Amino acid sequence: MNINDYDAEYEGLNGRGVPLDIYKRNYYLKTKLDGCFQRYGGVERDSGWTTTNSCDFIDALIGGTIYNQIINVDVEAALKHAYDVGDSDSIAYFTTALGEGYKFVNLDGNNTGSTINAFLNNLEGIKSLKENKYFREYTELEQHAIAHQLKITVITLRKIGSAEMCEFFRRRNRQTALNGQEYRQAVWSHLSRFIRDLSNLPEVRTMFTHFVFQNKSLDKRSHEETLAQLTMKVSTSKTAFTKTELHKFYDNTPRLSVEAEKDISKIVKIAAKMAQQHGVLANNKGTRFSRGQLLVLFDVIREITAVKGYNIKSPNTVFKWFVKKDHVFRQASKTVTAEDAREKSYQYWVEHMNERALWQRCLKKMMEAFEEVEEEWVDAGHITATRTSADSFTGDQKEELLYLQEGRTRAGEEIDLFDLYGGHLEADHVISVKDGGPTEIWNGEMMLTADNRSKGSQSNEPFFAFQEEAPNKESDC
């Protein structure tokens, strides 16, 4: 562990004419802010600091009334150490960081580093409030003087692995009382990285801010905790999703199955499409979703797709239907007495979504309502049956269909094997899969790709002679 490597390195460069402000700016740009150890950092983005907080901090730094500490890990040195001790996880982590162009990974002091970097790079709103000046508005001499006044102690760790970094961060922040999700995420596992990465995809973050969270800064990782609850529900049979149970889930689940990851990712990304199509649910307090309502929406999406086997083609249609039904059910709950709430109140169930028995009641009520619109949505194309390999014609079947059609379409266009091999033809079900048509020769037809796409999922009347030879279902029984 070396103290003030940052200043020592600068002194070595200064003889080559590197301005201090440029050096510090590049230093912070080369530092990876990893949400595994910190909130992601940056003004108004998971840092816990608002623009005003950051400006006050800058004034204090310029005035010399505050001194902060940053703890970083030297990527190249840590990678060498990982090879020396045979730590495969650390090798993968630091190799990736190095490939991304980072020289350091920040373990502590994220807010300090990101705010100074924002000031030196003239980020909108980050300036001296006392002088009402951005960094660019100072003279060259003043900029140099300010950079010298930014007294930051940097501690650089070199012989440390990825798992040790997590433990270091937890120990370092015992006095600052990490919240439950911050503590859970500070563990080196595939599970924690999956939840963190999925939660913080741009479109998923937008979904959370559109539907639930008022503050554009998802500061306390509530969005990650919400996704952790969904993950625990999907991948376990646990009956409760409380803080204690979530801790146990993280400790006992190093990674999810591939199927569970796909399932959860699909649910969340469909919800993200709903947010993209619909926009912000509301701007005034009190008319957005609660976290419980969002979890019910996740459950409904999963039931429609993974259980019922549909693709949701019109996310906004499903979303608007959900919002209306949710509203009706919550209003009806007002007539339920307090004594009967647990057994009969949808609103009570939503408010206690950390109990499996209660969210299952929410889901049952929603899916009973779904059955009323299911057929209508299928007919309108809002949802379509998921296609499996059993619904697709094989290469041999396509060649046989081409032969039986004698090299022409029902419109009389000539087609041949080169059209098939070139991707200009598709095999279509005469009676569509939606209408129960099987993937058999008598129910197949080669069509030009453009014609098949424009036809969609509608059924056709038989045209070729072999299509009239459908087996007699009664005689087959």
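The model shown is predicted, which means the values in this text are computed figures rather than measured ones. (Residues numbered from 1 in each chain as written. Predicted model: local features only at pLDDT ≥ 70, side-chain atom pairs only at ≥ 80, totals over all residues. Heavy atoms only, no water.)

Visitor: Break down the overall build of the protein for me, with residues and values.
Guide: For the protein, the helix and strand inventory stands at 23 helices and nine strands. Expressed as a percentage of its 477 residues, the buried residues of the protein come to 48%. Pairs at least 24 residues apart make up 71% of the contacts formed inside the protein by residues separated by at least 6 positions. Element-wise, carbon and sulfur atoms account for 49% of the exposed surface of the protein, whose accessible area totals about 24,100 Å². (Helix = DSSP H or I, 4+ residues; strand = E, 2+ residues; numbered from the N terminus. Buried < 20%, exposed > 50% of the residue type's maximum accessible area, 1.4 Å probe, protein only. Contact = heavy atoms within 4.5 Å. Areas by Shrake-Rupley, 256 points an atom, 1.4 Å probe, with all protein chains shown as cover.)

Visitor: Kindly report on the environment of Met 207, identifying the contributing residues and their values.
Guide: Residue placement: Met 207 occurs in helix H11 (residues 202-211). The exposure class of Met 207 is buried, given its relative accessible area of 0%. When the C-alpha positions of Met 207 and Ala 272 are compared, they lie 5.0 Å apart, and in sequence the two are 65 residues distant. Those residues in contact with Met 207 that lie beyond four places of it in its chain are Val 268, Ala 271, Ala 272, Ala 275, Leu 294 and Phe 298.

Visitor: Could you give an account of the nonpolar core, with specific residues and numbers?
Guide: If you look at the biggest cluster of nonpolar residues, it comprises 62 residues, and the most contacted ones within it are Met 207 and Phe 211. In terms of residues, this core owes the most to one element, helix H19 (residues 356-380), which gives eleven residues. Ignoring anything within four residues of it in the chain, the contact list for Phe 211 reads Ala 271, Met 274, Ala 275, Gly 279, Leu 281, Arg 288, Phe 289, Leu 294, Leu 297 and Phe 319. Among the nonpolar cores identified, the runner-up in size contains 18 residues, and Val 75, Leu 107, Ile 155 and Ile 160 belong to it. (Core = buried A, V, L, I, M, F, W, Y, C linked by side-chain atoms within 4.5 Å.)

Visitor: An account of the pairing of strand E4 (residues 104-108) is needed here, citing residue identities and associated values.
Guide: Among the five residues of E4, five are classified as buried, and the element is accordingly described as predominantly covered. Two strands pair when backbone bridges link them, and strand E2 (residues 31-33) and E4 are joined in this way by three bridges, in the parallel orientation. Bridge pairing links Leu 33 to Asn 106 in E4. (Pairing = 2+ DSSP bridges.)

Visitor: Give me the lowdown on the environment of Thr 209, citing residues and values where you can.
Guide: With respect to the element layout, Thr 209 can be found in helix H11. A C-alpha to C-alpha distance of 9.8 Å links Thr 209 and Arg 288, two positions 79 residues apart in sequence. There is a polar contact of 3.0 Å between the side chain of Thr 209 and the backbone oxygen of Thr 206. (Polar contact = N/O pair within 3.5 Å; in protein donor to acceptor, adjacent residues only side chain to side chain.)

Visitor: Let's hear about the pattern of salt bridges: which residues, and what values?
Guide: Once their charged atoms are close, side chains differing in charge can pair, the charge on each being opposite to the other. Under the definition given, this model contains eleven salt bridges. Across the salt bridge formed by Arg 291 and Glu 225, the nearest N and O atoms sit 2.8 Å from each other. Here the residue Arg 291 occupies a position in helix H15 (residues 291-307), and Glu 225 occupies one in helix H12 (residues 222-235), the gap between them amounting to 66 residues. Taking the relative accessible area as the measure of exposure, Arg 291 reaches 25% and is therefore partly exposed. In this structure, Asp 326 engages Arg 330 in a salt bridge whose closest nitrogen and oxygen atoms are separated by 2.7 Å. Taken together, the positions of Asp 326 and Arg 330, both in helix H16 (residues 315-332) and four residues apart, correspond to about one turn of that helix. Exposure remark for Arg 330: the relative accessible area of 22% places this residue in the partly exposed category. (Salt bridge = Lys/Arg side-chain N within 4 Å of Asp/Glu carboxyl O.)

Visitor: Summarise unusual backbone geometry; cite the residues concerned and give the values.
Guide: Even without a glycine there, the phi angle at Asn 132 is positive, about 50 degrees. Mapped onto the secondary structure, Asn 132 falls in the loop between helix H6 (110-120) and helix H7 (140-149). When its relative accessible area of 48% is taken as the criterion, Asn 132 is described as partly exposed. One non-glycine residue, Glu 406, lies in the positive phi region at around 55 degrees. When you line up the elements, Glu 406 lands in the loop between helix H20 (395-404) and helix H21 (417-421).

Visitor: So, the packing of aromatic side chains: which residues are in play, and what are the values?
Guide: For the structure shown, the criterion picks out 14 aromatic pairs. Aromatic side chains Tyr 93 and Phe 94 sit 5.2 Å apart centroid to centroid with 75 degrees between the ring planes, which places their arrangement in the edge-to-face category. Like Phe 94, Tyr 93 is buried. Taken together, the ring pairs in this structure connect Phe 211, Phe 289, Phe 319 and Phe 322 into an aromatic cluster. When the ring centre of Tyr 134 is taken as origin, the NZ or CZ atom of Arg 136, which lies over that ring, is 4.5 Å away. (Phe/Tyr/Trp six-rings, centres within 6.5 Å; stacked < 30°, edge-to-face > 60°. Lys NZ or Arg CZ within 6 Å of the ring centre and 35° of its normal.)

Visitor: Explain the side chain of Thr 231 to me, and be specific about the residues and the numbers.
Guide: Inspection of the secondary structure assignment puts Thr 231 in helix H12. Judged by its relative accessible area of 0%, Thr 231 is buried. Ignoring sequence-local partners within four residues, the contact set of Thr 231 consists of Leu 191, Ile 195, Phe 249, Leu 256 and Ile 264.

Visitor: I'd like a rundown of the side chain of Ser 345, residues and numbers included.
Guide: Topologically, Ser 345 is positioned in the loop between helix H17 (341-344) and helix H18 (346-351). Those residues in contact with Ser 345 that lie beyond four places of it in its chain are Ser 333, Val 336 and Asp 340.

Visitor: Give a detailed account of the confidence of the model for the protein, specifying residues and quantitative values.
Guide: Residues at a pLDDT of 70 or more form 82% of the protein, whose mean pLDDT is 81. For the protein, the element scoring lowest by mean pLDDT is strand E1 (residues 2-3), at 35; H16 scores highest, at 95. Contacts from residues 39-47, a stretch scored under 50 in pLDDT, to residues over four places away or in other chains number 47 contacts. (pLDDT = per-residue confidence, 0-100.)

Visitor: Break down the pairing of strand E9 (residues 444-448) for me, citing the residues and quoting the values.
Guide: Counting buried residues in E9 gives four out of five residues, a clear majority hidden from the surface. Pairing between strand E8 (residues 425-429) and E9: five bridges, direction antiparallel. The residue bridging Ala 427 from the neighbouring strand is Met 446, located in E9.

Visitor: Can you explain the environment of Tyr 83? Please cite residues and give values.
Guide: Checked against the element boundaries, Tyr 83 lands in helix H4 (residues 75-85). Every residue in contact with Tyr 83, bar those within four places of it in the chain, is listed here: Ile 91 and Thr 95.

Visitor: Please provide a residue-by-residue account of H15, values included.
Guide: For H15, built from 17 residues, the straight-helix expectation of 24 Å at 1.5 Å per residue is met to within 8% by its first-to-last C-alpha distance of 23 Å. Here H15 lies mainly inside the structure; twelve of its 17 residues are buried. Of all the positions in H15, only Gly 292, Gln 293, Leu 294, Leu 295, Val 296, Leu 297, Phe 298, Asp 299, Val 300, Ile 301, Ile 304 and Thr 305 are classed as buried. One or two steps after H15, the chain reaches Gly 309, where phi turns positive at roughly 80 degrees. (Expected span 1.5 Å × (residues − 1).)

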